[in-house]
Amino acid sequence: DGGITQSPKYLFRKEGQNVTLSCEQNLNHDAMYWYRQDPGQGLRLIYYSQIVNDFQKGDIAEGYSVSREKKESFPLTVTSAQKNPTAFYLCASSISLRVNTEAFFGQGTRLTVV
Amino acid sequence: AQKITQTQPGMFVQEKEAVTLDCTYDTSDQSYGLFWYKQPSSGEMIFLIYQGSYDEQNATEGRYSLNFQKARKSANLVISASQLGDSAMYFCALREYGNKLVFGAGTILRVKS
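Residues numbered from 1 in each chain as written. Chains lettered and ligands numbered in written order. Predicted model: local features only at pLDDT ≥ 70, side-chain atom pairs only at ≥ 80, totals over all residues. Heavy atoms only, no water.

Undergrad: Describe the overall build of chain A, and please don't skip the residues or the numbers.
TA: Helix and strand counts for chain A stand at zero helices and 11 strands. When the helices and strands of chain A are placed in sequence order, the string is β-β-β-β-β-β-β-β-β-β-β. By principal-axis analysis of the C-alpha atoms, chain A measures approximately 40 × 25 × 25 Å. Intrachain contacts of chain A at a sequence separation of at least 6 include 53% that bridge at least 24 residues. Total accessible area on chain A stands at roughly 5,700 Å², and carbon and sulfur atoms take up 46% of it. Separation of charge centres in chain A, based on 12 positive and 11 negative side chains, amounts to 5 Å. (Helix = DSSP H or I, 4+ residues; strand = E, 2+ residues; numbered from the N terminus. Contact = heavy atoms within 4.5 Å. Areas by Shrake-Rupley, 256 points an atom, 1.4 Å probe, with all protein chains shown as cover. Lys, Arg positive; Asp, Glu negative; His and termini not counted. Charge placed at Lys NZ, Arg CZ, Asp CG, Glu CD.)

Pasting the structure below:
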C-alpha cells in the first residue's frame, strides 16, 4: 500500500541525547514536511523539503536538523539543543508545493524526554 | 501575523444536526488553496476537503462542505447530519503559491447523542 511510514510510534529520550525520527514515503512525492504538535495545540512547521538535497526551515527549526538524501526519506533529528522536545511529531508529503496539492500524513511519533 | 485563525477552541453539536467550524485566513496572494483536516484521538490527520482561491463554487465532499467567502477571507467547514464519529479535532490550513502548508490552532468538536 502507498503511504507514509513513521517510526517508531513511541520514543523515549534522556535529556542531553540526540534522537532521530524516521519518515519514509512510497507515494513518489517531491515535497516532505515535519510538524510538531503539543497537547491541544495546532501543527507547527519544523522543516520542509521541496526536492532531494534541498530543505528549508519552518517556523520552529531551532534544535532540529533534517536531511533529504533520497526522495523517499526525510529523517528528523531532535538535538540536545531543543529545550522542550516532548511532543507529537508528524511527517507529511505532497506531490509538490502547488496550491492545490493536499498533504498526506504519517501516523506520528510521540517523543517523551525522561 | 497569523495566517490562519480558528476562533472556536471547542464546539458541541447534537447528533444528526449540522455544525459550522470557522476559519479565517490572511494572504496577499491571488492564488492559494485552503484545506480542512480531521484529527481523531488516535492522532492521524485525515484530509477532508479542498477549496482553491479561483474556484467559483463552494467545495463539497459528502457530508462536508466549505462555505468560501473570498472577500471576507473566510473558509468555514460545514458538517451536515453530525455523527458520533465526527468527534475530533479539526484543522484549517492555507497553502500559498509555491509554499508550505500552514495550519490553524484547531477546533475540538464533540458530538452528543
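Undergrad: Outline a nonpolar patch on the surface, listing residues and values.
TA: Side chains of Y10(A), F12(A) and V114(A) sit close together on the surface and give an oily, nonpolar patch of about 370 Å² of accessible area. Tracing the backbone shows V114(A) in the segment after β11 (109-113). (Patch = residues over 30% accessible without salt bridge, like charges linked within 9 Å, V, L, I, M, F, W, Y side chains within 5 Å. Salt bridge = Lys/Arg side-chain N within 4 Å of Asp/Glu carboxyl O.)

Undergrad: Which residues make up the environment of T79(A), and what values do they have?
TA: Residues and elements named next belong to chain A. Examined against the element boundaries, T79 turns out to sit in the loop between β8 (76-78) and β9 (87-94). Placed 13 residues apart in sequence, T79 and V66 show a C-alpha to C-alpha distance of 11 Å. Excluding residues within four positions of it along the chain, T79 makes contact with R13, Q17, N18, G63, Y64 and S65. A polar atom in the side chain of T79 sits 3.0 Å from the backbone oxygen of G63. (Polar contact = N/O pair within 3.5 Å; in protein donor to acceptor, adjacent residues only side chain to side chain.)

Undergrad: Quick rundown of the nonpolar core? Include the residues and the values.
TA: If you look at the biggest cluster of nonpolar residues, it comprises 24 residues, and the most contacted ones within it are L34(B), W36(B), I49(B), L77(B) and Y90(B). At the level of elements, β3 (19-21), β5 (32-39), β6 (46-52), β8 (64-69), β9 (74-79), β10 (88-96) and β12 (107-112) of chain B are the ones that each hand at least two residues to this core. It is β10(B) that provides the largest number of residues to this core, a total of four residues. Those residues in contact with Y90(B) that lie beyond four places of it in its chain are Q6(B), L21(B), W36(B), Y37(B), K38(B), L48(B), L77(B), I79(B), G106(B), T107(B) and L109(B). Judged by nonpolar contacts, the second largest core, of 20 residues, contains Y33(A), L45(A), L97(A) and A103(A). (Core = buried A, V, L, I, M, F, W, Y, C linked by side-chain atoms within 4.5 Å. Buried < 20%, exposed > 50% of the residue type's maximum accessible area, 1.4 Å probe, protein only.)

Undergrad: Outline the state of the cysteines, supporting the account with residue identities and numerical values.
TA: Using the criterion set out here, one finds two disulfides over all chains in the structure. Between the sulfur atoms of C23(A) and its disulfide mate C91(A) the distance is 1.8 Å. Judged by the torsion about the S-S bond (-75°), the C23(A)/C91(A) disulfide is left-handed. Of this pair, C23(A) sits in strand β3 (residues 19-25) while C91(A) sits in strand β9; the two residues are 68 residues apart in sequence, bridging distant segments of the chain. The pair formed by C23(A) and C91(A) is uniform in burial state, with each residue classed as buried. Note on cysteine connectivity: C23(B) is disulfide-linked to C92(B), with sulfurs 2.0 Å apart. (Disulfide = S-S within 2.5 Å.)

Undergrad: An account of the interface of chain A and chain B is needed here, citing residue identities and associated values.
TA: With 24 residues of chain A at the interface, the matching set in chain B holds 25 residues. Interface area, chain A with chain B, both sides summed: about 1,800 Å², of which 56% is carbon and sulfur. At the junction of chain A with chain B, the criterion picks out one salt bridge. Its salt-bridge partner being D59(A), residue K100(B) comes within 4.0 Å of it at the nearest N-O pair. Here chain A is connected to chain B by six residue pairs in polar contact (both at pLDDT 80 or more). (Buried area = accessible area lost by both parts, 1.4 Å probe.)

Undergrad: Any chance you could break down the pattern of salt bridges for me, citing the residues and the numbers?
TA: Across all of its chains, the model carries six salt bridges over all chains by this definition. For D30(A), the salt bridge is made with K71(A), and the minimal N-O distance between the two is 3.3 Å. With D30(A) in the loop between β3 and β4 (31-37) and K71(A) in the loop between β7 (64-66) and β8, this residue pair connects regions lying 41 residues apart in the sequence. A residue is classified by how much of its surface remains accessible, and K71(A), at 25% relative accessible area, is partly exposed. Of the charged contacts in the structure, one is a salt bridge between R63(B) and D86(B), with a shortest N-O distance of 2.8 Å. Residue R63(B) is located in the loop between β7 (60-61) and β8, and its partner D86(B) is located in the loop between β9 and β10; the two are separated by 23 residues in the primary sequence. The class for R63(B) is partly exposed, based on a relative accessible area of 22%.

Undergrad: If you had to explain the sheet that holds β3(A) to someone new, which residues and values would you point to?
TA: Residues and elements named next belong to chain A. What the four strands build is an open sheet, ordered β1-β3-β8-β7; its pairing is antiparallel. A strand with exactly one partner marks an edge of an open sheet, and here the two such strands are β1 (4-7) and β7. The sheet shows a mean angle of 20° between the axes of neighbouring strands, direction not considered. Sheet topology places β3 next to β8; three bridges connect them, and they run antiparallel. Directly across from V19, in β8, lies its bridge partner V78. (Pairing = 2+ DSSP bridges. Axes fitted to C-alpha atoms, helices over the stretch in contact; angles between N-to-C directions.)

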